[in-house]
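Here is how the chains run, residue by residue.
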Number of protein chains: 2
Amino acid sequence: MRIVGVLGGMGPEATIYFMQRVVNAVPARDDADHVPLIVDNNTQVPSRIKAIIEGTGDDPAPVLVQMAQGLVGAGAQALVMPCNTAHYYAEHVERATDAPFLNMVTLSCAEAAQTAPGGKVGLLGSPALRQVGVFEAALAAKGLAPVYGQDDRRVLATIRAIKAQGPSEFAAHTLSDVAAQMVEDGADVICICCTEFSLLAREITAKVNMFDALDVLVNATVQFSTTDRA
Amino acid sequence: MRIVGVLGGMGPEATIYFMQRVVNAVPARDDADHVPLIVDNNTQVPSRIKAIIEGTGDDPAPVLVQMAQGLVGAGAQALVMPCNTAHYYAEHVERATDAPFLNMVTLSCAEAAQTAPGGKVGLLGSPALRQVGVFEAALAAKGLAPVYGQDDRRVLATIRAIKAQGPSEFAAHTLSDVAAQMVEDGADVICICCTEFSLLAREITAKVNMFDALDVLVNATVQFSTTDRA
């Protein structure tokens, strides 16, 4: 089993949820069957929302670079970052070490291309994803186009509520509304691409296929760990 | 907020549960309010049960020492180990680095002494705890005596079932039975001291006061992190 390093804490609850899903994804008879992870559950990464949307606050990039290097120094053989918005800084993380970075955005676009070839992907995530085009290049590379939500303030308020109070029925209802609007706007598939929303993945409904970017990352993590070195 | 390093993976589910409890223990408005943790969720630590009870398999101690050093190297300012049985190796971990080790066994004995001064403590945990006396010295130092379960095979089977299949109603029922026998044998307080059993803490019942060693460790972790340097 190869060791996967996790740039976590964005937020801590989503990181824990990612870890739990990795445990659940492995049929195990004892501890040793599970994927070994080293997790920097760093709750002190400067706010991605503040840096990207509000243009204030510290730059998260140097902190993420340091975390990547720390994880590889501690033995990680690949890196993952269970926070879609933070993938704005993916290139910094990729360049920080020699270990492969399992890019949740790239992997999710490949998944969407299989589900809806040449289609439109509803990105159920932070408004920051649109503002800085986190998914744009990866979608285009797969011949896909994005559909974004129409009410940024409502989505942002939902993220903040989940970070502060945990997942709720109200949040799931709001996100199902947002997804319905995306389908009206032409989305052929919905990608849940905010790890806060992943906490509610089973409660959010949509009239088209829907998948969770976090699930895609979980599968890639298990596959990397359980595959022998090339 | 000071960073706490977690010697984890024993088992991975218990480590995740510890992390979730640390999140739940902090009133938070955003990510940054939460305790930063660096977690070595090392599923490949040699089996404590095999090494201690069966006397076979590799020695976990050198692996735990390496984990402790790796965590401190990555920035941890204190260390915790959410596995009671592994505290058999506590001295190795304590000597491995200069960072303080928040010892779950010592802390739990202090908690028991407050609840039942001079009393008997039912240790609802792995039979390995008795076989190598993990709690003996710490209990004696507080004027307390241990009460152990009578059916080692049943308790061991329950640990293995939880590690393999997760917590179940059947396991909770079994452990309530074991706790009841401990009370018959004179226990004044029950200490849940196996992190697999912590997953069921709310489902296990007893006729005397009961507390979970993991909760004690969660509180110590939050307190260390949120207290300024001395």
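**Student:** In this structure, what is going on with the nonpolar core? I would like to understand it.
**Tutor:** Nonpolar side chains in soluble globular proteins generally cluster together in the buried interior. Ranked by size, the top nonpolar core spans 82 residues in total, and within it A:Phe135 and B:Phe135 carry the most contacts. Not counting chain neighbours up to four residues away, the residues in contact with B:Phe135 comprise B:Asn84, B:Val105, B:Ser108, B:Cys109, B:Leu123, B:Leu129 and B:Cys193.

**Student:** What exactly am I supposed to notice about the side chain of A:Thr97 here?
**Tutor:** Residue and element names in this part refer to chain A. Following the sequence through the fold, Thr97 ends up in the loop between helix 4 (90–96) and helix 5 (104–115). A relative accessible area of 13% places Thr97 in the buried class. A polar side-chain atom of Thr97 sits 3.0 Å from the main-chain amide nitrogen of Ala99. Discounting residues that sit within four places of it in the chain, Thr97 has contacts with Ala68, Gln69, Val72 and Leu79.

**Student:** Sorry, what's going on with the pairing of strand 1 (residues 4–8) of chain B here?
**Tutor:** Along any regular strand the residues' side chains alternate between the sheet's two faces. All names here are of chain B. With five of five residues buried, strand 1 is to be regarded as a mostly interior element. The alternating pattern of strand 1 places Val4, Val6 and Gly8 on one face and Gly5 and Leu7 on the opposite face, and all of these are buried. Here five bridges tie strand 1 to strand 2 (residues 37–41), and the two strands are oriented parallel to one another. Bridging across to strand 2, Gly8 finds its partner in Asn41. The parallel pair strand 1 and strand 2, bridged by helix 1 (residues 12–24), forms a crossover whose chirality is right-handed. Direction of pairing for strand 1 relative to strand 3 (residues 78–80): parallel, over a ladder of three bridges. Paired with Val4 across the two strands is Ala78, which belongs to strand 3.

What counts, and where the lines are drawn
- Residues numbered from 1 in each chain as written.
- Chains lettered and ligands numbered in written order.
- Predicted model: local features only at pLDDT ≥ 70, side-chain atom pairs only at ≥ 80, totals over all residues.
- Heavy atoms only, no water.
- Core = buried A, V, L, I, M, F, W, Y, C linked by side-chain atoms within 4.5 Å.
- Buried < 20%, exposed > 50% of the residue type's maximum accessible area, 1.4 Å probe, protein only.
- Contact = heavy atoms within 4.5 Å.
- Helix = DSSP H or I, 4+ residues; strand = E, 2+ residues; numbered from the N terminus.
- Polar contact = N/O pair within 3.5 Å; in protein donor to acceptor, adjacent residues only side chain to side chain.
- Pairing = 2+ DSSP bridges.
- Right-handed = clockwise from strand over helix to strand, strands pointing away.

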